[in-house]
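So you can see what is in the structure, the chains are spelled out below.
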Amino acid sequence: MIGYATLGTNDLDRALTFYDALLATAGGKRLMQMPDERKLTFYGAGADKPMLVIGRPYDGAAATAGNGTMVALAADSRAQVDQVYAKAIELGGADEGGPGSRGPEQMGFYGAYFRDPDGNKLCVFKMG
């Protein structure tokens, strides 16, 4: 159902450096960048798959992290959850809950939580 989610940044160069390295760990890459002043940059595994977009806010105001807003990135394995989380922290992300099982064990949810340098909250997870 989800085509893409957008996260705002106040420092585009820093954000793109963070997401280039982070999403490469999760199998993603830059797919395209809009040529306007916002420089919206689309990341994903392919244009036919859900994407994450990083850019400056449309209204020109400062980007802020939304309270209760989070983007969850699907991983191929629990090991990849661990790798993506470690990469986020290495790149200057802030810990919001290290890798581990969450919820009822039969649900099989394994995830980790972090914030990017702009304060946006992300989760990387594996079900099953």
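Since the model is a prediction, treat every value here as computed from it, not as a measurement.

Participant: Can you walk me through the packing of aromatic side chains in this structure?
Facilitator: Two aromatic rings, taken as a pair, are described by how far apart their centres are and by the angle between their planes. Tallied over the full model, the rule gives 4 aromatic pairs. Measuring from centroid to centroid gives 5.0 Å for Phe18 and Tyr19, while their planes differ by 80 degrees, and the two rings are edge-to-face. A relative accessible area of 1% places Tyr19 in the buried class. Arranged with centres 6.4 Å apart and planes meeting at 45 degrees, the rings of Tyr19 and Tyr43 form a pair that is tilted. In this pair, Tyr19 is assigned in helix H1 (residues 12-25) and Tyr43 in strand S3 (residues 41-44), connecting sequence segments 24 residues apart. Assigned by exposure class, Tyr19 and Tyr43 land together as buried. Members of the aromatic cluster, each reached through a chain of ring pairs, are Phe18, Tyr19 and Tyr43.

Definitions and limits used
Residues numbered from 1 in each chain as written. Predicted model: local features only at pLDDT ≥ 70, side-chain atom pairs only at ≥ 80, totals over all residues. Heavy atoms only, no water. Phe/Tyr/Trp six-rings, centres within 6.5 Å; stacked < 30°, edge-to-face > 60°. Buried < 20%, exposed > 50% of the residue type's maximum accessible area, 1.4 Å probe, protein only. Helix = DSSP H or I, 4+ residues; strand = E, 2+ residues; numbered from the N terminus.

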